[in-house]
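The primary structure of each chain is shown beneath.
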Amino acid sequence: MPVRRGWIALIFAANLGVWMAFFTPIQVLLPQQVERIAPGDKESALALVTGLGALAAVLANPLAGALSDRTRPRLAGRELGRRHVWTAGGAVLGALALVLLARQDTVAGVALGWVAAQVCFNAMLASLTAGIPDRVPVAQRGGVSGWVGVPQSLGLVLGAVLVTALVTGNAAGYVAVAAAVLLLSLPFALLTADDPLPRGHRPALRARALLASMWVDPRRHPDFAWAWITRFLVQLGNALGTLYLLYFLADGVRHPDPEGGLLILILLYTLGTALTAVVSGRLSDRSGRRKAYVIVSGVVMAVAATLLAAAPVWSTAVIAALLLGAGYGVYLSVDAALITQVLPAATDRAKDLGVINIANSAPQVLGPALSAPIVVHLGGYPTLYAVTAAVTLLGSALVLRIRSVP
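For clarity, every value in this text was computed on a predicted model and none was experimentally measured. (Residues numbered from 1 in each chain as written. Predicted model: local features only at pLDDT ≥ 70, side-chain atom pairs only at ≥ 80, totals over all residues. Heavy atoms only, no water.)

1. Things to note about the nonpolar core
Residues Leu30, Leu98, Phe121 and Tyr244 are the most contacted members of the largest nonpolar core, which totals 84 residues. The biggest single contributor to this core is helix H1 (residues 5-37), with 15 residues. Once residues within four sequence positions are removed from consideration, Tyr244 is found in contact with Glu43, Leu46, Ala47, Ser371, Ala372, Val375 and Tyr381. Core analysis: the second largest hydrophobic core is formed by 22 residues, Val216, Val342, Leu353 and Ile356 among them. (Core = buried A, V, L, I, M, F, W, Y, C linked by side-chain atoms within 4.5 Å. Buried < 20%, exposed > 50% of the residue type's maximum accessible area, 1.4 Å probe, protein only. Helix = DSSP H or I, 4+ residues; strand = E, 2+ residues; numbered from the N terminus. Contact = heavy atoms within 4.5 Å.)

Here it is in C-alpha cells:
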C-alpha cells in the first residue's frame, strides 16, 4: 500500500533531525571548537576528529542495522516493532552525547565526544533508512526517497542558522542541535506503526553469525556490490569537496566573512537540492528508470567541482553551490531508490542498508586522510576540487554496471 502524506512528513522530520546532528557539527561547530583549541594545527586536528567519528559510523551503522533486523522488544507483555526502539534510543543518547561534547576543551575530548555521537546517530539512521523498503512500494520509492533526501541538505541549513543566528556560542549551539534532534525525531518513533518481527524470521542472536552476516558476497549479489562502489565514490567526492569549505572561504577565496559566506553557500546548495530531489524521484518512478538520472547527477556535480578548481573566487563558488545542490538532489532521491531494489534479502534490510551506509561513512574517514595532504602539499584547493570532480564522475558512471535496474 502506498504510504500517506502524514507518514512521509514524520519520517522527513526524523531525518531532518538526524542530519542536523550529523552536518551542523561537521560544518560549523567542530571547526569552531577545534580552531579554538588548536589554532595552529586546525586542519590536522579537524581531520583526526572527523575521521575517528566516521570510523565509528562505519562500524556502528551496519551492526545497529543487523540488530534492528533481529530486535524483539516487549512492553507490558506486548511485543513492539523492531525499528522504532532504535530510532528513539539513538535520538536520546545522541542528544546526550552532543551536550557532553559541548563541554570538551581538548582535541582528545572532542574526538571521544564526536565518536559517541556518531555511534548513537548511526544506530538511529540505520532504523530510519530501513523504513523505506519496509513500508514504501517500489513504484513510490523515488518520490519518497526525494523527500527523505532533502533533509540531508536542509538539515545543514537549518542547523547553521540555528547555531549562527539564533543561539550564541559554540556550547549553546551543541545544546540547541541536541534539542532539535529530540523534537524532530521522537514523533516518528511514537506515532507511526512499527511491525514486530514475524516469528518465522527470527534467527538466533549469535555474535559469530551476526558478524558473518556483514559480508555480502559480490559474486552472488553483483548489483549490490556495484551499488556500494558507486555510492562510495560519489560520497568520497562529496567528502573531499565539503570538509574544508569554511577554510576554503577563509584561506582560498579570502572572503571577509567566511562563516557568513558559508551560510550563503549552504542556502544555495539546499535550494538546488530541494528543486531537484522530489521532482527527479517522481520522474524516475514514472519512467521506471534510475541509472540515467544517477549519471546526469554525477556530471552536474563534477562540473560544479571543476568550476571551484578553475576559479576559486566568490562568484564561482556561488554558481558551484547551486549546481552541486541540484546534482546532489537528483542523486539522493534516485540512487536511494535504486539501492532498495538491489538489496539481497528482505529479512536483512536494515543490515544490508547499513553495509551500504558504510559507503557513506567510510569516505568521511578517507576524505580527511586525502584532503589534508592535498591542501597542504599537493597544490591546495584547486587540486582538491579537481580530484573531487574526477572521483564523482567515475562513481556516477559505474552505475552502468548494475544490470537488474534500468
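2. Here we look at the pattern of salt bridges
Applying the stated criterion across every chain, the model contains ten salt bridges. For the salt bridge of Asp134 with Arg83, the shortest nitrogen-to-oxygen distance reads 2.8 Å. Here Arg83 lies in the loop between strand S2 (78-79) and helix H3 (84-101) and Asp134 lies in helix H4 (residues 107-135), a separation of 51 residues in the sequence. Under the relative-accessibility criterion, Asp134 is labelled partly exposed at 28%. Here the salt bridges do not stand alone but share partners, grouping Asp69, Arg82, Arg83, Asp134 and Arg349 into one network. (Salt bridge = Lys/Arg side-chain N within 4 Å of Asp/Glu carboxyl O.)

3. Some points on helix H5 (residues 141-149)
Within H5, eight of the nine residues are buried, which leaves it mostly tucked inside the rest of the structure. Within the span of H5, buried status applies to Arg141, Gly142, Gly143, Val144, Ser145, Gly146, Val148 and Gly149. Tucked inside the fold, the buried residues of H5 contact H1, H4, helix H6 (151-166), helix H11 (258-287) and helix H13 (314-340).

4. Focus on helix H15 (residues 381-397)
Taking 1.5 Å of rise per residue, 17 residues should cover 24 Å, and H15 covers 25 Å from first to last C-alpha, within 8% of that figure. Taken together, the buried positions of H15 are occupied by Tyr381, Leu384, Tyr385, Thr388, Ala389, Val391, Thr392, Gly395 and Ser396. Summarising the contacts, the buried residues of H15 are in contact with helix H9 (222-242), helix H10 (245-253), helix H12 (291-310) and helix H14 (349-377). (Expected span 1.5 Å × (residues − 1).)

5. Side note on the layout of surface pockets
Estimates place the volume of the largest pocket at around 320 Å³. What lines the largest pocket is a set of 20 residues, and nearest its centre among them are Arg82, Arg83, Asp134, Asp195 and Arg349. Top contributing element to the lining of the largest pocket by residue count: H4, with five residues. Within the lining of the largest pocket, the residues separate by chemical class into eight nonpolar, five polar and seven charged. (1 Å grid on protein atoms, 1.4 Å probe; cavity = no way out; pocket = protein on both sides within 12 Å on 5 of 7 lines; lining within 4 Å. Points joined across faces, edges and corners; volume = space filled by probe spheres on them. Nonpolar A, V, L, I, M, F, W, Y, C, P; charged D, E, K, R; others polar.)

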